[in-house]
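Now for the letters of each chain:
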Amino acid sequence: MILKRNVLALALASIGFSATSVAYAAAPQVGNSDRAIGQDATTQDATSTAKAKAKAKQDARAKDLQAITVTGFSRSVESSIDIKRDADTIQDVITAADIGGLPDVSISDALTRLPGVSAERINGESSAINIRGLSGDFVETTLDGREQAATSGSRVTEFDQYPAELITQAAVYKSPKASLIEGGVAGTVAMDTANPLENAKQYSGVLNMRGSYNDRANETVGANSNGYRVSASFQGKFLNDTLGVAAGFASLYQPHVADQFNGLAYNGQKDLNGDGQNEYISEGFELQQNGGMLRRNGYMGVLQWKPSDGFELKADGFYSQFTNNSSGRGFRVKTLSDGIITNPAVLANGAMVGGTVSSNPGDPYFTVQTTSDDNTLKTSVLSGGLNAKWTFGGWTISSDVGYSRAKSDFNNGVTWGLLYDDMSSAHPNPAANQSVNYQLNGLNPATVGFNQDYTDYNRMGLGKAGVYPYIYKDESKSFKTDVRYDFVDNSFLSGLEAGVRYARRTYNADRSAFEYGNDFGQYATGQEPLALNPGNAPKVCFKGNLSGFPCFLSINTLAVLGANGITPTPVKSWQNNWTMIQSAEVDEHISSGYVMADIDTRVGDRSLTGNVGVRVVHTSQYSNGLQQIGSGQGEAITDQLGVVSTDYIHVRRGKSYTDYLPSLNLNYHLDDNNQLRFAAAKVMSRPPLNKMLTGSGSWIDGNKYNMWGNTSPFLDPFYAKQYDLSFEHYMPDSSGAFAAALFYKHIDSFIENYTIDPFDFAAAGIQVPINPATSQPYENGQYQTAVNNTKGGYVRGIELSYSQVFKFLPGAWSGLGFAGSYSYSQSAVTSTSTLGGASQKIGLPGLSPKVINGTLFYSLGGFDTRVSVRHRSRFVSSQMAIDSQLVYYAPETVADFQASYAFNNGLSVLFQVNNLTDQPTRTYFGNPLETGTLQWFGRQYYMGFTYAL
């Protein structure tokens, strides 16, 4: 389609919900709305006067444009450029055409194409994101201007919960302003759903259907290689365009598989050479086939009523339900330091990376286990609210009632098969003559051999089964009102804005456990190992990258337990007292207000725009939980098995605090195509919710009372002062842009686990039990807790971005384009880790010094294709093995490909490959020769069609 493009109108057309997928079905339609996009809910309430000013500037710029062709990915690039150009903060944007044009599994994939944004892959898919070297703990997330509850068990948003098909725009605010909800030290991700009254068409609908195939699924027993994605949407305007309706549905059914070698932390020590010097020994390692199926259904609905120019009422809702059934089958070699070690291979740093480990007659804790882990993760996010806006005489008043709820139910099921002397005996004894010979090979799979056959049904039995649910509920209720006045004639200010917000956020953690048997075969009477047979434990052999490893038995845990009359029912009990202690809640009350002035003046003969303001936030945070007192000095509390304990008391602890957060954004317009931006602010991110729990256990050491918990309701937020400087150059026809940005953040403190010894419990308001022998309180012992350290530190860096549609090229080459960025970040922040053996300094979690992404795209007529590549250098992050462990992630480069063709009848066809080079995830413990986890996920192929009405 050839059209004369009004810059603003094109940007507005790109956010219509149907346009999400129409990009490949037809050329874009142009909307007639003057409303700016890419802003938060408060900024969206600009009055008609402000709109007229903005439109006048954009119309003047549009007069110089020539007739151009705008289709596919090119349209998305140009729309994003226009939004960034007219924004009042430093930000980057993904528009609907981009998100819908490349059918990403989630918004996380789309966001990684922005400068300074990277993602951490879970099961091969992007999930939590990092911004400018800071992890998800520092990222605030909103949907339609409302803070989002999280399914992660902390505050980290897992963006794979949000189907890309239901989001029309996602902006990353890198500099804050007073009207934004506080919480984004790294940045704020603001997602938006549809505004049907702004859709270009009277009625529109889109249907997407795609089949998928994973090329590694045949390497994992029981895995399904095929899946699908389906989405449908509708938008309509009724009653003379005063009533708008939008609805959408997106469904995902997709396999995930991984060949996996998993090394465990170096938490053992032993003198291997007889020289009196202890070497560092890994807890062990795992060899596993991992497989599973992702199911996600998302729903979105909007009802918008605008009976006059002076009033608008909008109700919107979003719901996403996510289920991940996954399994891990293979071997776990555990507690190497308890075996007899011969021929050890030891690195210069003292870490053992190979050797022969054999059973120790005097120590039963070295073991070889076959693993049959079955995990189920069920999460859901519900978000919505009601927004009303009144506009009259230069005033705009808006009120919003919002609700967000996230639920997460992770059921961790573990089963360990063990080798016994003779499973036909009444009380089988664990085999005593086992050994393993292994050699780690750095970032490649290890060499592993056993001296026993772990597929022998006469000797293999189910030795241990456990079910450990982690259940979280995070809920936020909010209300806010904003008032704005726009000046008609003012030589310095274009408007004044103020607002108040109240929110209550509650978080509940619930733990329980079921256990049968023993990890090492030392079982109690009545929990003897259970017999296996080919029907409930078939023989399985490794394929792919792990094809050289021995075969094993894949145990159907429920079938084995059921055949023996056992139903696994997890409970909270004093037998596993951590289930009672870690079941607790956090209650936050947040009251905030802000004042902000919009600047629109001239310095010399150049325009200066921006805003200055301050946000005041009062936070009250408290946690309810249990403290272990001991000696029968507590309350009478009954567990779920009916057992009463008097060793615990209910406690409620916490604090209140007030913060003042000033912010400044200035944009100096050097000319029509060049801008220089400066921003400064004080920002905050509240501590992770799971680190604020007050539950704690204890132990008595002589006359000393000691507590453990590694959480604290007294934690302070992360505070930072940040400064940004950005130069932006825009091509005369808005077909391209170049930006260079410098940033500096100084973070006051970080949260770490710390042992205080001795700790004055009474001074902190913590009850200390009475020593019956002395009739006096026990003396102060150690307190294992979470604290804000005093180190702090900076994060600084540079971002370069360039995007352009090469319209100046002759003929068919004019459809060629490129969009990419390079980010470099550094920080002096370090922490100490002993997971690799000897104490070593490791970097700030989430920080990759280099983040690079690029997309080469081409459009011609209805044909559209692109190759996207994203690279991040090594970084530190937590990884779940037997326990959470902090590891280095090796550099990774992930490439995706897509090609599509749009016919003139609304139909388009598409072919796509994600993870084109089958890039693995590889981690290590500081030294690349100390292998952490190696995972290969396979390529994901898609083929399908879109039909647009």
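Reading the values: rules and limits
- Residues numbered from 1 in each chain as written.
- Predicted model: local features only at pLDDT ≥ 70, side-chain atom pairs only at ≥ 80, totals over all residues.
- Heavy atoms only, no water.
- Helix = DSSP H or I, 4+ residues; strand = E, 2+ residues; numbered from the N terminus.
- Rg over C-alpha atoms; globule rule 2.2 N^0.38 Å.
- Buried < 20%, exposed > 50% of the residue type's maximum accessible area, 1.4 Å probe, protein only.
- Contact = heavy atoms within 4.5 Å.
- Areas by Shrake-Rupley, 256 points an atom, 1.4 Å probe, with all protein chains shown as cover.
- Lys, Arg positive; Asp, Glu negative; His and termini not counted.
- Charge placed at Lys NZ, Arg CZ, Asp CG, Glu CD.
- Disulfide = S-S within 2.5 Å.
- Patch = residues over 30% accessible without salt bridge, like charges linked within 9 Å, V, L, I, M, F, W, Y side chains within 5 Å.
- Salt bridge = Lys/Arg side-chain N within 4 Å of Asp/Glu carboxyl O.
- Pairing = 2+ DSSP bridges.
- Axes fitted to C-alpha atoms, helices over the stretch in contact; angles between N-to-C directions.
- Phe/Tyr/Trp six-rings, centres within 6.5 Å; stacked < 30°, edge-to-face > 60°.
- Lys NZ or Arg CZ within 6 Å of the ring centre and 35° of its normal.
- pLDDT = per-residue confidence, 0-100.

**Describing the overall build of the protein chain**
Argument step 1. Looking only at helices and strands, one finds 8 helices and 54 strands in the protein chain.
Argument step 2. At 30 Å, the protein chain has a C-alpha radius of gyration in line with the 30 Å of a compact globule built from 949 residues.
Argument step 3. Per-residue burial for the protein chain yields a buried fraction of 61% across its 949 residues.
Argument step 4. Taking the intrachain contacts of the protein chain between residues at least 6 apart in sequence as the baseline, contacts between residues at least 24 apart amount to 74%.
Argument step 5. Total accessible area on the protein chain is roughly 34,400 Å²; 55% of this is exposed by carbon and sulfur atoms.
Argument step 6. A distance of 6 Å separates the average location of the 73 positive side-chain charges in the protein chain from that of its 86 negative side-chain charges.

**Some thoughts on the state of the cysteines**
Argument step 1. Under the counting rule described, the total for this entry stands at 1 disulfide.
Argument step 2. The side chain of Cys 541 participates in a disulfide bridge whose partner is Cys 551; the two sulfur atoms lie 2.0 Å from each other. Between Cys 541 and Cys 551 the sulfur-sulfur dihedral comes to about 100°; the bridge is accordingly right-handed. Linking Cys 541 in the loop between strand E27 (539–540) and strand E28 (552–553) with Cys 551 in the loop between E27 and E28, this pair joins segments that are 10 residues apart in sequence.

**Brief notes about unusual backbone geometry**
Argument step 1. The linkage connecting Asp 757 with the following residue, Pro 758, adopts the cis geometry, with an omega of 0°.
Argument step 2. A positive phi is found at Asp 144, a non-glycine position, where the angle reads about 55°.
Argument step 3. Counting through the fold element by element, Asp 144 comes out in the loop between strand E6 (139–143) and strand E7 (146–147).
Argument step 4. Overall, Asp 144 belongs to the buried group, its relative accessible area being 12%.
Argument step 5. If you check the backbone angles, Asn 240 has positive phi at about 55° while not being a glycine.
Argument step 6. Locating Asn 240 in the fold gives a position in the loop between strand E11 (226–238) and strand E12 (243–263).

**Some details on a nonpolar patch on the surface**
Argument step 1. Together, Leu 676, Phe 678, Tyr 723, Leu 725, Leu 742 and Tyr 744 make up a nonpolar patch on the protein surface, roughly 500 Å² of accessible area in all.
Argument step 2. At the level of secondary structure, the elements contributing two or more residues to the nonpolar patch comprise strand E33 (674–685), strand E36 (718–730) and strand E37 (736–747).
Argument step 3. Along the polypeptide, Leu 676 turns up in strand E33.
Argument step 4. Classification of Leu 676 as partly exposed rests on a relative accessible area of 34%.

**Re the sheet that holds strand E35 (residues 704–708)**
Argument step 1. Overall, mixed pairing links the 4 strands, which are arranged E34-E35-E41-E38 in an open sheet. Whereas interior strands pair on both sides, the edge strands pair on one side only; in this sheet they are strand E34 (697–701) and strand E38 (751–756). Direction aside, the axes of adjacent strands within the sheet are offset by 20° on average.

**Quick look at the packing of aromatic side chains**
Argument step 1. Taken as a whole, this structure holds 38 aromatic pairs when the rule is applied.
Argument step 2. Aromatic side chains Phe 138 and Phe 750 sit 6.2 Å apart centroid to centroid with 75° between the ring planes, which places their arrangement in the edge-to-face category. You can see Phe 138 sitting in the loop between strand E5 (125–131) and E6 and its partner Phe 750 sitting in the loop between E37 and E38, a full 612 residues away along the chain.
Argument step 3. Three or more aromatic residues link up through ring pairs in this structure, and these residues are Phe 331, Phe 450, Tyr 454, Phe 542, Phe 549 and Phe 552.
Argument step 4. Here the guanidinium or amino end of Arg 511 rests over the ring plane of Tyr 470, the centre of that ring lying 3.7 Å away.
Argument step 5. The cationic tip of Lys 682 hangs over the ring face of Tyr 719; the distance from NZ or CZ to the ring centre is 5.2 Å.

**Re the pairing of E34**
Argument step 1. In the sheet, E34 pairs with E35 via 5 bridges, with the strands oriented antiparallel. Each residue of the ladder has a partner; that of Trp 699, found in E35, is Asn 706.
Argument step 2. Hairpin connection of E34 to E35: 2 residues between the antiparallel strands, including Gly 702 at a positive phi of 65°.

**Quick look at the pattern of salt bridges**
Argument step 1. Applying the stated criterion across every chain, the model contains 38 salt bridges.
Argument step 2. A salt bridge links Asp 215 to Arg 939; the shortest N-O distance between them is 3.0 Å. On the criterion of sequence distance, the pair formed by Asp 215 in the loop between strand E10 (203–214) and E11 and Arg 939 in the loop between strand E53 (927–936) and strand E54 (940–948) is long-range, its members being 724 residues apart.
Argument step 3. Using a relative accessible area of 26% as the deciding quantity, one classes Arg 939 as partly exposed.

**Here we look at the environment of Asn 444**
Argument step 1. With respect to the element layout, Asn 444 can be found in strand E22 (residues 444–450).
Argument step 2. Between the C-alpha atoms of Asn 444 and Lys 270, which are 174 residues apart in sequence, the distance is 26 Å.

**Let's talk about the confidence of the model for the protein chain**
Argument step 1. Per-residue confidence for the protein chain averages 88 on the pLDDT scale, and 91% of its residues sit at or above 70.
Argument step 2. In the predicted structure, residues 1–70 sits below a pLDDT of 50 and forms 190 contacts with residues beyond four places in sequence or in another chain.
Argument step 3. The low-confidence segment residues 98–102, where pLDDT is below 50, has 23 contacts with residues more than four positions distant or belonging to other chains.

**A look at the pairing of E53**
Argument step 1. With respect to burial, E53 is a largely interior element, 7 of its 10 residues being buried.
Argument step 2. Sheet topology places E12 next to E53; 4 bridges connect them, and they run antiparallel. Paired with Phe 261 across the bridge in E53 is Leu 934.
Argument step 3. Bridging between strand E52 (residues 921–925) and E53 involves 4 bridges; their strand directions are antiparallel. In the strand pairing of E53, Phe 925 is matched with Asn 927.
Argument step 4. Hairpin remark: E52 followed by E53, antiparallel, with 1 residue in the connecting loop; positive phi at Gly 926, about 80°.

**Focus: the sheet that holds strand E3 (residues 91–95)**
Argument step 1. Pairing is mixed across the open sheet formed by 5 strands, whose spatial order is E3-E8-E9-E6-E7. In this open sheet, the two strands that pair with only one neighbour each are E3 and E7.
Argument step 2. Across 2 bridges, E6 lies against E7 in antiparallel orientation. Across the sheet, residue Leu 143 finds its bridge partner in E7, namely Arg 146.

**Topic: the environment of Thr 112**
Argument step 1. Examined against the element boundaries, Thr 112 turns out to sit in the loop between helix H6 (107–111) and strand E4 (117–122).
Argument step 2. With 703 residues separating them along the chain, Thr 112 and Gly 815 place their C-alpha atoms 24 Å apart.
Argument step 3. Residues within four places of Thr 112 in sequence aside, it is in contact with Val 117, Ser 118, Ala 119, Asn 853 and Arg 870.

**Section: the environment of Phe 806**
Argument step 1. Take Phe 806: it is sitting in the loop between strand E42 (793–805) and strand E43 (816–827).
Argument step 2. With relative accessibility at 15%, the residue Phe 806 sits in the buried group.
Argument step 3. Distance from Phe 806 to Phe 520, taken between C-alpha atoms, is 65 Å for residues 286 residues apart in sequence.
Argument step 4. When near neighbours in sequence (up to four residues on either side) are disregarded, Phe 806 contacts Trp 813, Ser 814, Leu 816, Gly 817 and Phe 818.

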